[in-house]
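Residues per chain, in single letters:
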Number of protein chains: 2
Amino acid sequence: MSSPVLAIDIGGTKMAAALVEPGGRVAAYERIVTPQSPHVDADGLWRTLLALIDKLPAARLAGVGVGCGGPMTWPSGDVSPLNMPAWRDFPLRDRLRDLFPGLPVRVHNDAVAVAAGEHWRGAGRGRQNVLGMVVSTGVGGGLILGGRLIDGASGNAGHIGHVIVDPEGPECECGGRGCLEAIARGPGLSAWAREQGWTGETGKELADDAARDHPIAVRAMNRAGWALGVAIASATHLCDLEVVAVGGGLSQAGPLLFGPLEETFRAHARMEFAREVRVVPAALGQTAGLVGAAAFVFGGDRYWTAD
Amino acid sequence: MSSPVLAIDIGGTKMAAALVEPGGRVAAYERIVTPQSPHVDADGLWRTLLALIDKLPAARLAGVGVGCGGPMTWPSGDVSPLNMPAWRDFPLRDRLRDLFPGLPVRVHNDAVAVAAGEHWRGAGRGRQNVLGMVVSTGVGGGLILGGRLIDGASGNAGHIGHVIVDPEGPECECGGRGCLEAIARGPGLSAWAREQGWTGETGKELADDAARDHPIAVRAMNRAGWALGVAIASATHLCDLEVVAVGGGLSQAGPLLFGPLEETFRAHARMEFAREVRVVPAALGQTAGLVGAAAFVFGGDRYWTAD
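Because the structure is predicted, anything quoted here is derived from the model rather than measured.

Trainee: When you look at the sheet that holds strand β7 (residues 105-109) of chain A in this model, what are you seeing that I'm missing?
Mentor: As a general point, the strands of a sheet are linked pairwise by backbone hydrogen bonds and lie either parallel or antiparallel. Residue and element names in this part refer to chain A. Across the sheet, five strands lie side by side as β3-β2-β1-β4-β7; this open sheet has mixed pairing. Edge positions in the open sheet fall to β3 (26-33) and β7, since each of these has one partner strand only. Averaged over neighbouring strand pairs, the angle between their axes works out to 15° when direction is ignored. Where strand β2 (residues 14-20) meets β3, seven bridges bridge the pair, whose relative direction is antiparallel. The residue bridging Ala16 from the neighbouring strand is Arg31, located in β3. Lying over the sheet, helix α2 (residues 92-99) contacts β4 (63-68) and β7, oriented at roughly 155° with respect to β7.

Here it is in C-alpha cells:
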C-alpha cells in the first residue's frame with residue numbers, strides 16, 4: 001500500500017495510535033489508558049506514548065498527525081492538555097519531529113481533528129462548509145469553510161462550546177457565563193440533574209436513564225438539546241454552514257438529544273439560507289480523531305495551513 | 001494611473017458609484033437618492049443606476065465591483081434587496097456584464113463589501129481574521145478568516161445580526177427570536193425606547209439624546225452595547241478573531257455604545273485566546289462599501305472565490 005500516516009489521538013482518559021491509509025482506512029490500531037497524575041510526570045507520559053507507537057507494525061510513513069487535548073500553542077505544538085497536568089507546555093511537536101526526522105509532523109486540537117475527520121471521510125464528506133462537534137466532558141469543535149480547515153488567529157477557531165446561549169445562565173469554567181459548554185457538557189448536565197433530584201453520577205448514566213424515561217433525565221437531555229440548538233443556529237447564521245456533525249459521548253443519546261436539538265435549531269435558524277442545513281450524528285465514532293489527524297498530512301493545505 | 005475599478009454601493013436610501021484606484025483611493029465619487037417604490041419599477045431603478053455611472057469620468061476599467069443590499073443569489077448576483085421592492089430577482093450581475101463585456105463583474109452583499117473594505121484598507125488592515133459589521137437599520141457583517149473572505153455555502157456567511165443573544169428575547173424579522181438584529185437595529189432600539197417612554201423617532205435621534213444624557217436613551221445604548229458584546233464574544237470564540245470593526249449609523253454613538261459593548265464583551269469572551277481581540281470603530285466611514293467592492297476585483301481570490 002502507499003505509505004500510511006501515523007495518527008495519534010491524545011486525551012485525558014486514553015491515548016490511541018493508528019496507521020491510516022491515504023484513503024482514510026484505519027489499518028492498524030492500538031490504545032492505552034492514559035497514566036494519571038501524580039503517578040506520572042512529563043517524561044513518563046512521553047514514554048507511554050512511545051511504547052504505544054512501538055506496538056504498531058513497522059511501516060514507511062508519509063507523516064505524523066496528532067489530535068491532542070487543548071489548550072496548546074499552534075502551530076508550534078507545545079501542549080498543556082486541561083486533563084493531563086503532567087504536560088504543561090510540553091513540546092510534543094518538537095519531540096515527534098526529533099523522533100521522525102524529515103517527516104511532516106502536524107499537531108492540532110483533538111476536536112479540530114474530529115471535525116477534519118468527519119469532513120474528510122465522515123458525515124461532512126463532499127460538503128464545503130461543515131462544523132464538526134464533540135459533546136462529552138467538554139464541548140469542542142472545528143470549522144471547515146470553503147472546503148478548508150479554519151484555524152483563526154491562534155489555531156483556536158471552532159470553539160463552539162464557548163458560544164453564548166444564555167447570557168444569564170450558569171458560570172462557565174472559562175470565566176464567562178452561559179456558554180454552551182457550561183450547560184451541555186456531561187458533568188454540567190449531570191450536576192444540573194442532581195440539583196433536580198436525580199441520584200446518578202455520570203453523563204452516560206444520565207443518557208441511559210433518559211432512555212428509560214426517567215423524567216429528570218429526559219429534561220436534562222431537553223436542556224442539552226436546547227442549548228445545542230441555539231448555539232448551532234448562531235453558528236449556522238454566522239458561517240452559512242451545510243452540515244453540522246455532532247459526536248462525542250452525549251451524542252449517543254440519539255433522538256433523546258437530537259429531537260429537542262432539531263426543534264430548537266429550526267425555531268431559531270430562520271434565515272432562508274439556513275433551511276437546507278442538516279444537523280446529523282457524527283459518522284466515524286471513536287476513530288474520527290485518528291482519521292482527522294491523518295487528514296492533517298494527507299489533505300495538503302485543506303487541513304493544514306501552517307508550515 | 002493604473003486602471004481603476006468601477007465600484008457601486010446600492011442601498012434602499014442611496015446609490016453610490018466611484019472609481020477606486022488599485023491602492024484603494026476613491027478617485028471619483030457620485031451618489032444619488034434611491035428612487036422609491038411604487039414611483040419606480042425595476043427598469044427605472046436600472047436606468048437610475050446607469051445615469052449615476054455616466055456621471056463618473058470615462059476610464060479604462062479593471063473591472064466592476066458591487067455591494068448591494070441582500071438577499072441575493074450568490075455568485076450569480078440576482079438581487080432582491082429588502083428595502084428595494086422594485087428589484088426582485090433582478091439580474092444585476094448579468095446586466096452589468098452586458099454593459100461591460102469582457103470585464104470581471106462581482107456582486108456581493110453590501111455588508112460583506114464593508115467588511116472587505118475594512119480588511120483591505122481600514123481597521124482590519126494587515127490582520128488575517130476580521131469581522132466587519134454594519135449596525136444601522138439592520139445589523140450585517142462579513143468574515144475574513146485566514147486572510148480570505150468567507151462566503152459559506154451560499155454567500156451568506158457573516159450574518160452576525162442573526163447570532164442569538166437572548167433566546168427568550170424579542171421576535172426577529174427573520175422569524176426567530178432574540179437575534180442580535182432584533183435588539184440592536186436602529187428601529188428595534190427606538191421601538192424599545194418608546195416603550196420605556198422616550199418620545200423620539202429614529203436611531204439617530206436616540207443616539208443624540210443619549211449624548212445629552214437622556215436616561216432612557218442611555219439605557220437603550222447600554223442595551224445595544226450589551227447585545228453587540230454578547231454576539232461578538234460568541235463570534236470571537238467560534239472564529240478566533242483578531243479585530244472586529246463596527247460601523248454603520250449606530251456606531252456614531254461612540255463611547256456611549258462602545259463602552260457597554262466592551263464591558264459585556266470582556267465579561268463573556270473569557271477564553272485565553274480571546275484576550276488580544278480588539279473591537280474598534282470602522283475606519284472608512286461612508287466609503288467602506290465602495291472600497292470593499294473594489295477589493296472584490298483587485299484582491300484576487302482573497303475577496304472573491306467564485307468564478
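This is not the end of the story, as more comes after the structure.
Trainee: Can you walk me through the pairing of strand β7 (residues 105-109) of chain B in this structure?
Mentor: Moving residue by residue along a regular strand, the side chains alternate between the two faces of the sheet. All names here are of chain B. Counting buried positions along β7 gives five out of five residues, so the element sits mostly inside the fold. Here five bridges tie strand β4 (residues 63-68) to β7, and the two strands are oriented parallel to one another. Paired with Val64 across the bridge in β7 is Val105.

Trainee: Even after reading the chapter, I still don't get the relation of the copies chain A and chain B, so can you show me in this structure?
Mentor: Related by rotation about an axis and a shift along that axis, the two copies of the chain form a pair. Expressed as a screw operation, the relation of chain A to chain B combines 0.0 Å of axial shift with a rotation of 180°, fitting to an RMSD of 0.0 Å. Expressed as an axis order, the relation between the two copies is that of a two-fold axis. Mapped onto chain B, 100% of the interface residues of chain A again fall at the interface, so both copies present the same surface.

Criteria and cut-off values
- Residues numbered from 1 in each chain as written.
- Chains lettered and ligands numbered in written order.
- Predicted model: local features only at pLDDT ≥ 70, side-chain atom pairs only at ≥ 80, totals over all residues.
- Pairing = 2+ DSSP bridges.
- Helix = DSSP H or I, 4+ residues; strand = E, 2+ residues; numbered from the N terminus.
- Axes fitted to C-alpha atoms, helices over the stretch in contact; angles between N-to-C directions.
- Contact = placed C-beta atoms within 7 Å.
- Buried ≥ 20, exposed ≤ 12 C-beta atoms within 10 Å, placed from the backbone.
- Least-squares fit on C-alpha atoms with pLDDT ≥ 70 in both.

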